[in-house]
Amino acid sequence: MAGKTLFDKVWEAHVVVEEPGKPPLLYIDLHLLHEVTSPQAFEGLRLAGRRVRRPDLTFATMDHNVPTTPRIPGQPLSPDPIAAQQMETLIRNCREFGITLFDLYSPDQGIVHIIGPQLGLTQPGKTIVCGDSHTSTHGAFGALAFGIGTSEVEHVLATQTLPQWKPKSMEIWIEGELGLGVTAKDVILGLIGQIGTDGATGYVVEYRGPVVERMTMEERMTICNMAIEAGARAGMVAPDATTFAYLEGRRYAPKGAAFERAVAYWETLPTDPDATFDHRVVFDVSRLAPQVTWGTSPGMVTDVTGRVPDPSEFADPETRRAAERALEYMGLEPGTPIQEIKIDRVFIGSCTNARLEDLRAAAQVVRGKKVAPGVRAMVVPGSQWIKYQAEQEGLDQIFKEAGFEWREAGCSMCLGMNQDILQPGERCASTSNRNFEGRQGRGGRTHLVSPVMAAAAAIYGHFVDVRELGVLTA
Amino acid sequence: MEPFRVHRGLAVPLDRINVDTDQIVPKQFLKRVERTGFGQFLFYDWRYDEQGQPRPDFVLNLPRYQGATILITGANFGCGSSREHAPWALKEYGFRAILAPSFADIFYNNCLNNGLLPVRLEAEVVGELMRRATEEEGYYVTVDLEACQVRDDHGLVQPFELDAFRRRMLLEGLDPIDITLEHEAAIRAYEAAHPGW
Ligand code: SF4
């Protein structure tokens, strides 16, 4: 019998019922909620007279539309009354249905995909869902984690299961040696540039190979986070000693003998040597340069040493038209060197790149320097815990002295649902994951980059090759 | 859920690839706590200018496409965020079916859960439909889920696929949660066998 992939093993361990001609019913181990995609699901439950089946497996936080200005108890949750109402609705729903909520004042509040791992809720072998596409982030632990819509949120609340056809499997083998200053963000951007934004549609991806094995959990989370930008249903990385060391001692991780038992099980999860995938991609990172997107889709990306492409270079007419439209929206001329693109704003944040490691790396670049005149730069830590830790290390001082704004945790300018938005025409170097039209504010222009590249852009006022600054240490 | 059997309607071409859910419903409109009221925000930044005036050249604003219920569009439609507000907005605006070469996974499921039929067709077929909907004023298309066919009034007949289970759910307008709850005993047995660490 052929061996099994990590994905096969996690999938099979969660099939509750399988009948011919019907999608298998999958058990869900962890359901994460946030304020934007849950209210209609709770309303549906209420209308049907249903309860939440497993409130103990359900956790909620507020992140998408929370303000990132100082939080003063007694003040409205948001200056925007509709956003405040959405948060109050979540508070009421969690209270009514008995769900643990990390609210605005909780030291555990943060972006849902950052706090799951941080609290040890995210564990190898689990099935994890959330009404948010970047749920793929949790796959870094060897969990099967994917985003769902609000009707499915309601389904999971009511039944703790989800009918799902099994996606196909794809191996993305990452090999070579990453240069200093070339990060996990550059790996995933470069990969999407190669396979396209629908290159993995219909697949669950497992990232494998020596580069992945050497990655920290933070880096694995970055590449799994953006699996969705390649169209994948989920991204996964096999759990290993790095994973176990990260989890040990975290609040919701198993303790003592239970932890030993869990590790013994987790060690059985990696893909068997004789397992096969439906599709295989090899990505060599040896010559990878820091990446910068130039368009309005994450696949529109090039090296920092490159130039804005000329749409006429694209053979496929649809791609050409999309590139033309993107350049018009972005206000860029074909052939412009990437390093000559001037920026107005810098955003270091989001579930892709706002973990402690990201902030430390960016601080290395910023230390002792000043943000370029005319540039407004902000750091939005991914969680209140990260913010606290960074302050313990003095990172906040480094950023503030350079002229960065140091904010409270939330999604912030990743999607601009709160007050942190770009003005029309403003150009932003952003560590987030989407450069769609208007994503960071109507008419705003987003260039996706790594934290060190964003930090460097803040200092120089335009994109620079962070490798040439000589400030990074391994 | 509203059933879907056979629908004949005016078709509108949206000739773009990778249309993401941020374009379908921009995030500033996601703060409502109801499922309704999103139709007015559909493709907002493409439909309206900075002053909130309709952009006369955007395809949905052309008089000849008013009342369209079938959207013909490019590959990877609905990529990006998982927001179900996107199918809610499309449905409330009046769309019943979307014809495209491919859809993003989460969006595809979200449509099916709302009685909005996403139909995958070969890129050449979509291109031909798009051409006809552009050239011919008042171009109607029939999407027939009973026969699993897309047809027009000029003899074009194109089969499409949808798995039998999903198809039955849509044809009969069944509630997926009710169906899952028929397995209550199996869910309980699973939970008993997997107590956690
Ligand atoms: S940080 Fe951005 S991508 Fe991540 S959950 Fe928030 S809005 Fe979504």
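Residues numbered from 1 in each chain as written. Chains lettered and ligands numbered in written order. Predicted model: local features only at pLDDT ≥ 70, side-chain atom pairs only at ≥ 80, totals over all residues. Heavy atoms only, no water.

Chemist: Sorry, what's going on with the pattern of salt bridges here?
Modeler: This model, assessed by the stated rule, comprises 45 salt bridges over all chains. With a closest N to O distance of 3.2 Å, Arg54 of chain A and Glu191 of chain B form a salt bridge. Of this pair, Arg54 of chain A sits in the loop between helix 2 (39–48) and strand 4 (58–61) while Glu191 of chain B is found in helix 8 (residues 184–193), placing the two residues in two different chains. Residue classification places Arg54 of chain A among the partly exposed residues on the basis of a relative accessible area of 23%. Residue Glu191 of chain B is classed as buried on the basis of its relative accessible area, which comes to 15%. Between Glu84 of chain B and Arg35 of chain B there is a salt bridge; the shortest N-O distance is 3.8 Å. One end of the pair, Glu84 of chain B, is in the loop between strand 2 (70–73) and helix 3 (85–93); the other, Arg35 of chain B, is in the loop between helix 1 (21–24) and helix 2 (44–47), with 49 residues separating them in the sequence. The exposure class of Glu84 of chain B is buried, given its relative accessible area of 0%. (Salt bridge = Lys/Arg side-chain N within 4 Å of Asp/Glu carboxyl O. Helix = DSSP H or I, 4+ residues; strand = E, 2+ residues; numbered from the N terminus. Buried < 20%, exposed > 50% of the residue type's maximum accessible area, 1.4 Å probe, protein only.)

Chemist: So what exactly am I meant to see when it comes to unusual backbone geometry here?
Modeler: Negative phi characterises most residues that are not glycine, and trans characterises most peptide bonds. All names here are of chain B. Although it is not a glycine, Asn76 sits at a positive phi angle of roughly 60 degrees. Among the secondary structure elements, Asn76 is positioned in the loop between strand 2 and helix 3. According to the relative accessible area criterion, Asn76 is buried, its value standing at 2%. Unlike most non-glycine residues, Cys148 shows phi in positive territory, near 55 degrees. With respect to the element layout, Cys148 can be found in the loop between strand 5 (140–144) and strand 6 (149–152).

Chemist: Got a minute to help me understand empty space enclosed by the protein in this structure?
Modeler: To find leftover empty space, one rolls a probe the size of a water molecule over the atoms. Residue and element names in this part refer to chain A. All chains considered together, the criterion is met by three cavities of 30 Å³ or more. Looking at the largest cavity, its volume works out to about 210 Å³. Taken together, 22 residues make up the lining of the largest cavity; nearest its centre are His64, Asp132, His134, Leu415 and Arg439. When the residues that make up the lining of the largest cavity are grouped by side-chain class, the tally is eight nonpolar, 10 polar and four charged. (1 Å grid on protein atoms, 1.4 Å probe; cavity = no way out; pocket = protein on both sides within 12 Å on 5 of 7 lines; lining within 4 Å. Points joined across faces, edges and corners; volume = space filled by probe spheres on them. Nonpolar A, V, L, I, M, F, W, Y, C, P; charged D, E, K, R; others polar.)

Chemist: Sorry, what's going on with the sheet that holds strand 2 (residues 25–27) of chain A here?
Modeler: Where strands meet in a sheet, backbone hydrogen bonds hold them as pairs that are either parallel or antiparallel. An order of 1-2-8 (chain A) is seen for the three strands of this open sheet, with the pairing classed as antiparallel. Only two strands of the sheet have a single neighbouring strand rather than two, namely strand 1 (15–17) and strand 8 (161–163) of chain A. Direction aside, neighbouring strands of the sheet carry axes that sit 35 degrees apart on average. In this sheet, strand 8 of chain A lies alongside strand 2 of chain A in antiparallel orientation, the contact comprising three bridges. Residue pairing for strand 8 of chain A: Tyr27 of chain A is matched across the bridge by Thr161 of chain A. Lying on the sheet, helix 8 of chain B is in contact with strand 1, strand 2 and strand 8 of chain A; it crosses strand 1 of chain A at an angle near 145 degrees. (Pairing = 2+ DSSP bridges. Axes fitted to C-alpha atoms, helices over the stretch in contact; angles between N-to-C directions. Contact = heavy atoms within 4.5 Å.)

Chemist: Where do I start with the site of the ligand in this structure?
Modeler: All residues adjacent to the ligand are His64, Ile111, His113, Asp132, His134, Ser350, Cys351, Cys411, Cys414, Leu415, Asn433 and Arg439 of chain A. For the shell around the ligand, a count of residues per class yields five nonpolar, five polar and two charged. (Near = heavy atom within 4 Å.)

Chemist: Explain helix 6 (residues 164–172) of chain B here, please?
Modeler: Turning to helix 6 of chain B, its buried residues are Phe165, Arg166, Met169, Leu170 and Leu171 of chain B. Against the buried residues of helix 6 of chain B lie helix 4 (105–112), strand 4 (117–120) and helix 7 (176–181) of chain B.

Chemist: Can you help me understand the environment of Lys369 of chain A in this one?
Modeler: On the secondary structure map, Lys369 of chain A appears in the loop between helix 12 (356–366) and strand 16 (376–379). With 241 residues separating them in the primary sequence, Lys369 of chain A and Ile128 of chain A have C-alpha atoms 42 Å apart.

Chemist: Please explain the sheet that holds strand 12 (residues 279–284) of chain A as it appears in this structure.
Modeler: Residues and elements named next belong to chain A. Ordered in space as 11-10-9-12, the four strands form an open sheet in which the pairing is parallel. Every other strand in the sheet has two partners, leaving strand 11 (234–236) and strand 12 as the edge strands with one partner each. Pairwise comparison of adjacent strand axes, ignoring direction, gives a mean angle of 20 degrees for this sheet. Of the strand pairs in this sheet, strand 10 (residues 203–208) and strand 11 are connected by three bridges, and their pairing is parallel.

Chemist: Just checking my understanding: could you explain the interface of chain A and chain B for this structure?
Modeler: Many structure descriptions define interface size as the accessible area lost when the parts assemble. The interface is formed by 74 residues belonging to chain A together with 56 residues belonging to chain B. Carbon and sulfur atoms make up 52% of the area that chain A and chain B hide from each other, which totals about 5100 Å². Here chain A and chain B share 10 salt bridges between them. As a salt-bridge pair, Asp175 of chain B and Arg50 of chain A come within 3.4 Å of each other at their nearest N and O atoms. The tally of links from chain A across to chain B stands at 35 residue pairs in polar contact (both at pLDDT 80 or more). The set of elements that each furnish at least two residues to the side of chain A that touches chain B consists of strand 1, strand 2, helix 2, helix 3 (81–97), helix 5 (150–159), strand 8, helix 10 (256–266) and helix 11 (317–330) of chain A. Ranked by the residues each element gives to the side of chain A that touches chain B, the list is headed by helix 5 of chain A, at seven residues. In terms of residue class, the side of chain A that touches chain B is made up of 26 nonpolar, 29 polar and 19 charged. (Buried area = accessible area lost by both parts, 1.4 Å probe. Polar contact = N/O pair within 3.5 Å; in protein donor to acceptor, adjacent residues only side chain to side chain.)

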